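Per-entry structural report
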Amino acid sequence: MTFTSLGFADSLDVQGSETSVYLGFGSRLDRIVKDAELKLDFISSPALIEVLSHLKIYLNGELQHAVPVTELNKGQRDSVRLPLDSRYFSDYNQLRIELVGHLDQECWNPSDPAIWAEISQASEVVLNSRRVRLSNDLSILPAPFFDRRDFSKLTLPVVFGPDYEIDTVYAATLAASYFGSQAKWRGVNFPVLIDKAPEQHAVVMLTNTNRPAFLVDFPEVDEPTLQIITHPDNPYVKLLLIQGRDSEQLLTAVRGLALGSELLSGPVATISKAQQIQPRVPYDSPSWIRTDRPVKLGELVDDPMVLQVEGRKPSDISVSLRVPPDLFTWQSRGIPLDLRYRYSPPENDSDDSSLSMSINGQFVEAFSLTTKGINGEAKRVRVPLLDDGFLGGGDRIRIPAFQVGSLNRMSFRFAFAAVNSGACRTIPAGSPRAILEADSTIDFTGYPHYIEMPNLQVFATAGYPFTRMADLSDTAVVIPPSPSPILIESLLETVGYLSASVAYPGMGLTLLDSWDKKVLADKDILAIGVDPSMADSALEENQPALLLRKSQRSINRPQDLGNLRYFPWSEDGAWTTAEQVSLNANGAFGALIGMQSPFDDERSVVAMLGTRDQDLLDVTRSLNTPGRLPYIFGSVAMFRGDSVASYIVGKPYFVGHLPLQTLIWYHFSKHPFILAACALLLVVLLTIILWRLLAVVAARRLQVDDDE
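To continue, consider the confidence of the model for the protein. If pLDDT is low for a region, its predicted coordinates should not be looked at in detail. Per-residue confidence for the protein averages 83 on the pLDDT scale, and 84% of its residues sit at or above 70. Scored below 50 in pLDDT, residues 536-541 makes eight contacts in the model with residues more than four places away or belonging to other chains. Below a pLDDT of 50 lies the segment residues 564-570, which in the model reaches 27 contacts outside its immediate sequence neighbourhood of four places, other chains included.

The sheet contact formed by strand S3 (residues 31-44) and strand S9 (residues 124-131) spans eight bridges and is antiparallel. Across the sheet, the residue bridging to Ile32 is Arg130, located in S9. Across eight bridges, S3 lies against strand S6 (residues 77-84) in antiparallel orientation. Paired with Leu38 across the strands is Leu82, a residue of S6.

It is the contact of helix H1 (residues 166-183) with helix H2 (residues 247-260), at a shortest axis distance of 9 Å, that shows an interaxial angle of 5°. Between H1 and H2, the angle falls in the class roughly parallel. Of the residues in H2, those in contact with Asp167, Thr168, Tyr170, Ala171, Leu174, Ala175, Tyr178 and Phe179 of H1 are Ser247, Leu250, Leu251, Val254, Arg255, Leu257 and Ala258. Broken down by class, the residue content of the contact of H1 with H2 amounts to 11 nonpolar, two polar and two charged.

Attention now moves to the sheet that holds strand S33 (residues 475-478). Read across the open sheet, the seven strands follow the order S34-S33-S35-S40-S39-S41-S42; overall the sheet is mixed. The two strands at the open ends of the sheet, each matched to only one other strand, are strand S34 (510-512) and strand S42 (643-647). Averaged over all pairs of adjacent strands, the angle between their axes in this sheet comes to 15°, without regard to strand direction. Bridge count for S33 against strand S35 (residues 524-528) is four bridges, and the pairing is parallel. From the neighbouring strand, Thr475 faces S35, where its bridge partner is Asp524. Sheet strands touched by helix H4 (residues 485-502): S33, S34, S35 and strand S40 (604-610). Its angle to S35, the strand with the most contacts, is close to 145°.

The next point concerns H1. With 18 residues, H1 extends 25 Å from end C-alpha to end C-alpha; this agrees with the ideal 26 Å at 1.5 Å per step. Of all 18 residues in H1, 16 are buried, a share of seventy percent or more. Following H1 by one or two positions, Lys184 adopts a phi angle in the positive range, close to 55°.

One pass over the full model with this rule turns up 22 salt bridges. With a closest N to O distance of 3.6 Å, Asp91 and Arg149 form a salt bridge. Residue Asp91 is located in the loop between S6 and strand S7 (92-100), and its partner Arg149 is located in the loop between S9 and strand S10 (154-155); the two are separated by 58 residues in the primary sequence. Classification of Asp91 by relative accessible area gives partly exposed; the value is 40%. Owing to a relative accessible area of 18%, Arg149 belongs among the buried residues under this scheme. Among the salt bridges present, the one from Asp615 reaches Arg612, with a minimum N-O distance of 3.1 Å. Taking the relative accessible area as the measure of exposure, Asp615 reaches 5% and is therefore buried. Taken together, the shared-partner salt bridges in this structure form one network comprising Arg468, Asp474, Asp522, Asp524 and Arg603.

Rules of the game
- Residues numbered from 1 in each chain as written.
- Predicted model: local features only at pLDDT ≥ 70, side-chain atom pairs only at ≥ 80, totals over all residues.
- Heavy atoms only, no water.
- pLDDT = per-residue confidence, 0-100.
- Contact = heavy atoms within 4.5 Å.
- Pairing = 2+ DSSP bridges.
- Helix = DSSP H or I, 4+ residues; strand = E, 2+ residues; numbered from the N terminus.
- Axes fitted to C-alpha atoms, helices over the stretch in contact; angles between N-to-C directions.
- Parallel < 35°, antiparallel > 145°, perpendicular 65-115°, else oblique.
- Nonpolar A, V, L, I, M, F, W, Y, C, P; charged D, E, K, R; others polar.
- Expected span 1.5 Å × (residues − 1).
- Buried < 20%, exposed > 50% of the residue type's maximum accessible area, 1.4 Å probe, protein only.
- Salt bridge = Lys/Arg side-chain N within 4 Å of Asp/Glu carboxyl O.

Structure below.
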């Protein structure tokens, strides 16, 4: 495992003596580590003194090695191979690399900028493990099919018999949704095998009338059944059999897996009932931050200990959160963060000890650490927002910011200055500690839900609008009749991706192989491999920006508006078609298209298209490729090999609701002259009304005077 695969996109910078960096990784349930090795590539500062300077390597708190800095390797790239004691491995492991640095000076500061080491992200942790024969016990689910200890992408084959039908595909889709909800940020891959035995842990869909050849003699069932068996040809591989007399029972078995896995034990379980009694409500996804009340930082981390650090320059405290994509933050002053923290107090208030805060790598604010820190201190911070749905100029873009709809990271960095006493003596500051209080709160309440569509960026980063309901109960997926194995694989991976975004299985999903108006009337539609122009004549009114029929391709393009990702979409002319192109080509080509639903003005259609099934699968896998996501936006995204081109074209529409006053101000804010004219007209009308009222009052008064 390279350090890159463990979450480090850049090299690890260690600054200052007695400063550490941390790496985490897991050990799978079905493997035991026999021996391990750390391949460490690093460069140390040429200012470090030999003998006294070194790197200390810890595994789960146990010192493993001390790597000296020598005259030969300092200032140069050095590589060392260090064995790791397998006795100290556990389910979850932490590798800590600490720099102890000294300078060749009579007087030196442990925090001197000359004390540093740079550890390459190409460094590796190599595990030599042996496979373990697991028992056939449902209580270990979702392992070994998905193992929480494994931080790599989930790859789980799904096996069908030769005569699969749409209901069997639907059951497999719900199963993929369940495993996707478990995988979360790891990414998902569901290879589809038809009548073929897998070579690794896999899920097998079985009915009494349709089963793969290698299980053709397996006993039939009369009830929805879940069973774990050992692979017929490999004792280390497990198969999860989802069984039923027919497809209807197959669906019940899948729902039992998704909703009642904590009740399962033993090799076999029959499911008598599995249904969702209380319906989900919008925006209640477990992975999205709550917007109905302030949220404590302790709710956003798995372990409160991650909010505590130690050392003069400790690693960052990071808190991740996902914001609902359609949160309307126009003219917001920022998100209030009540930050409470405690720390070892510095020697005096005038040193450089500080706490700095950043959002998504962009600096927000810094606070000085004072001698009052022992009793705690509270700060109220306004964290600005970057709203992907309402990008524009001036004060409508605020950076640094939360990115609405994507995964955000708040980072807090404590830095304690060493204390200098006299002209030539440094007193180390010891090992100071700091902690963010778990009851610090961030408050997203009070924001309505309203967004300009189509917007493929929020689909690519958060699965919106389908993930608005965590169980996908407002989502209908349309596929062609008699889908191919590759198209089914694309379906499973897309739905798995949606459920991974909300960390909840999509048991409310609807799957169709035709455009049924009655079913689609109140649904957001995800069309996979279906040309939307074939759906209904009503779609012709919402003319898609791109049509793809085998070798025929037609696209409507806007004017060249510069950097479209940051262009204010609501500007006049931004959506206007300026160019039309039609051609025939046979090469690889895939596309994502967003448009308004022909059946409901507040519903959306996202179509995933490809000239071939493999091209469609490449589009699907782009959703699990972080490097491609920033380039998917607007109403059309086209994929050719490794390149992505996106456009904003067509008629926009809005989803959600705003208070009437806000709705008027927001839409008229783009037309200040019309707003001024309306204001002037309103003043004239009020003047006329007041003049008439005063005239009536004056006439009555004159009439009373005449009568007297």
